[in-house]
Amino acid sequence: MQNFVCRVLAPEDSEAWQKLRLEGARDFPSGFLVTYEETAAARRDHCRKILAGGSFRGVFTEENLVGLCGYRPQQLKRTQHRGVIGPFFVTRSYQGSGAAKVLMAGVIEEAKSNGLAQLELFVDTENLRAMAFYERQGFERVATHYDSVRVDGESRNDHLFTLRL
Ligand SMILES: CC(C)(COP(=O)(O)OP(=O)(O)OC[C@H]1O[C@@H](n2cnc3c(N)ncnc32)[C@H](O)[C@@H]1OP(=O)(O)O)[C@@H](O)C(=O)NCCC(=O)NCCS
């Protein structure tokens, strides 16, 4: 298996990160809330600012970014036991390679070391590949959020998945 490394993304990663987001928003729209047009409208300095917030993790092979994961530990006292994941995306040529597993394992380890009790994510109810992946990482489906997203006016439903840490 290839050597994959997971780490926090920084402003210096913004070009590679934006390239991945554009690919994901264009080719896997059900995996993203943001549209391709909204993604494309983000200027370099805005991308750098987002990454400066420290809410993205990336998976690399030989210095190349091949996947990204939004990770937001909750800040309020009553919800700070929870962490929210998303978007989660691995570039097409690295899907099925194990990169996604390394990325998720990195986020799970970080959440555990932050003392979190639970990770949460939403996934389109027809995104079978993503759900199979999340279940293999230990996530459980706990609820359905109806009409959670509208894609070009079409109503879509999400499942809520959680992982107890
Ligand atoms: C979701 C994603 C990160 C998973 O990573 P991955 O490397 O593709 O995952 P894997 O190939 O290791 O695992 C996917 C599982 O689904 C299976 N699978 C593949 N295609 C499938 C399909 N069309 N329907 C159902 N299952 C499928 C695979 O066989 C594998 O299961 P197995 O290991 O038991 O055989 C990646 O596919 C991706 O980035 N997708 C596009 C963006 C996206 O949908 N993100 C999730 C948003 S919530």
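Attention here is on the structure that accompanies the text. What you are looking at is a predicted structure, and each value in this text was computed from that prediction instead of being measured.

### Digging into the overall build of the chain
So, step 1. Looking only at helices and strands, the chain has five helices and seven strands in total.
So, step 2. In the chain, the succession of helices and strands from N to C terminus is β-α-α-α-β-β-β-α-β-α-β-β.
So, step 3. Principal-axis analysis of the C-alpha atoms places the extent of the chain at approximately 40 × 35 × 35 Å.
So, step 4. Expressed as a percentage of its 165 residues, the buried residues of the chain come to 40%.
So, step 5. Counting only carbon and sulfur atoms, one obtains 48% of the accessible surface of the chain, whose full area is about 9,700 Å².

### What to know about the nonpolar core
So, step 1. Ranked by internal contacts, the top residues of the largest apolar core, which has 26 residues, are Ile85, Phe88, Met104, Leu119, Leu121, Tyr134 and Phe139.
So, step 2. For this core, the secondary-structure elements that each account for two or more residues are β3 (64-73), β4 (82-90), α4 (99-113), β5 (118-124), α5 (128-136) and β7 (154-164).
So, step 3. A total of seven residues in this core trace back to one element, the largest contributor, which is α4.
So, step 4. Judged by nonpolar contacts, the second largest core, of 12 residues, contains Leu20, Phe32, Leu51 and Leu65.

### Let's talk about the packing of aromatic side chains
So, step 1. Per the counting criterion, the structure on display carries nine aromatic pairs.
So, step 2. Members of the aromatic cluster, joined through ring pairs, are Phe88, Phe133, Tyr134, Phe139 and Phe161.

### A closer look at the site of the ligand
So, step 1. Around the ligand sit 18 residues, and of these Phe88, Gly96, Asn127, Arg129 and Arg136 come closest.
So, step 2. Between Gly96 and the ligand, the recorded distance is 2.7 Å, taken from a backbone N or O atom to an oxygen atom.
So, step 3. One nitrogen or oxygen atom from the side chain of Arg129 is found 2.8 Å from an oxygen atom belonging to the ligand.
So, step 4. In isolation the ligand offers 940 Å² of accessible surface; the protein chains occlude 68% of this area.
So, step 5. Among the secondary structure elements, those contributing two or more residues to the shell around the ligand are β4, β5 and α5.
So, step 6. Of all the elements, α5 adds the most residues to the shell around the ligand, at seven residues.
So, step 7. Per-class residue counts for the shell around the ligand are 12 nonpolar, four polar and two charged.

### Structural notes on the pairing of strand β2 (residues 56-61)
Every regular strand shows the same layout, with side chains that alternate between the two sheet faces.
So, step 1. In terms of burial, β2 is a largely internal element, six of the six residues being buried.
So, step 2. Taking every second residue as pointing to the same face, both faces of β2 are buried, with Phe56, Gly58 and Phe60 on one and Arg57, Val59 and Thr61 on the other.
So, step 3. Here four bridges tie strand β1 (residues 5-8) to β2, and the two strands are oriented antiparallel to one another. Each bridged residue has a counterpart across the sheet, and for Arg7 the counterpart in β2 is Gly58.
So, step 4. Note: β2 against β3, six bridges, orientation antiparallel. Bridge pairing in β3 places Gly58 opposite Leu68.
So, step 5. The antiparallel hairpin formed by β2 and β3 contains two residues in its connecting segment, where Glu62 sits at a positive phi of about 45°.

### A word on α5
In an α-helix, one full turn covers 3.6 residues, which means residues spaced three or four apart are oriented alike.
So, step 1. Among the residues making up α5, those that are buried are Ala130, Met131, Phe133 and Tyr134. Projected down its long axis, α5 carries its buried residues within an arc of 160°, all on one side. Of the exposed residues in α5, those oriented more than 90 degrees away from the buried face are Leu128, Arg129 and Arg136.

Definitions and cut-offs
Residues numbered from 1 in each chain as written. Predicted model: local features only at pLDDT ≥ 70, side-chain atom pairs only at ≥ 80, totals over all residues. Heavy atoms only, no water. Helix = DSSP H or I, 4+ residues; strand = E, 2+ residues; numbered from the N terminus. Buried < 20%, exposed > 50% of the residue type's maximum accessible area, 1.4 Å probe, protein only. Areas by Shrake-Rupley, 256 points an atom, 1.4 Å probe, with all protein chains shown as cover. Core = buried A, V, L, I, M, F, W, Y, C linked by side-chain atoms within 4.5 Å. Phe/Tyr/Trp six-rings, centres within 6.5 Å; stacked < 30°, edge-to-face > 60°. Near = heavy atom within 4 Å. Polar contact = N/O pair within 3.5 Å; in protein donor to acceptor, adjacent residues only side chain to side chain. Nonpolar A, V, L, I, M, F, W, Y, C, P; charged D, E, K, R; others polar. Pairing = 2+ DSSP bridges. Arc of directions from axis to C-beta.

All we've got here are geometric facts, nothing functional implied.
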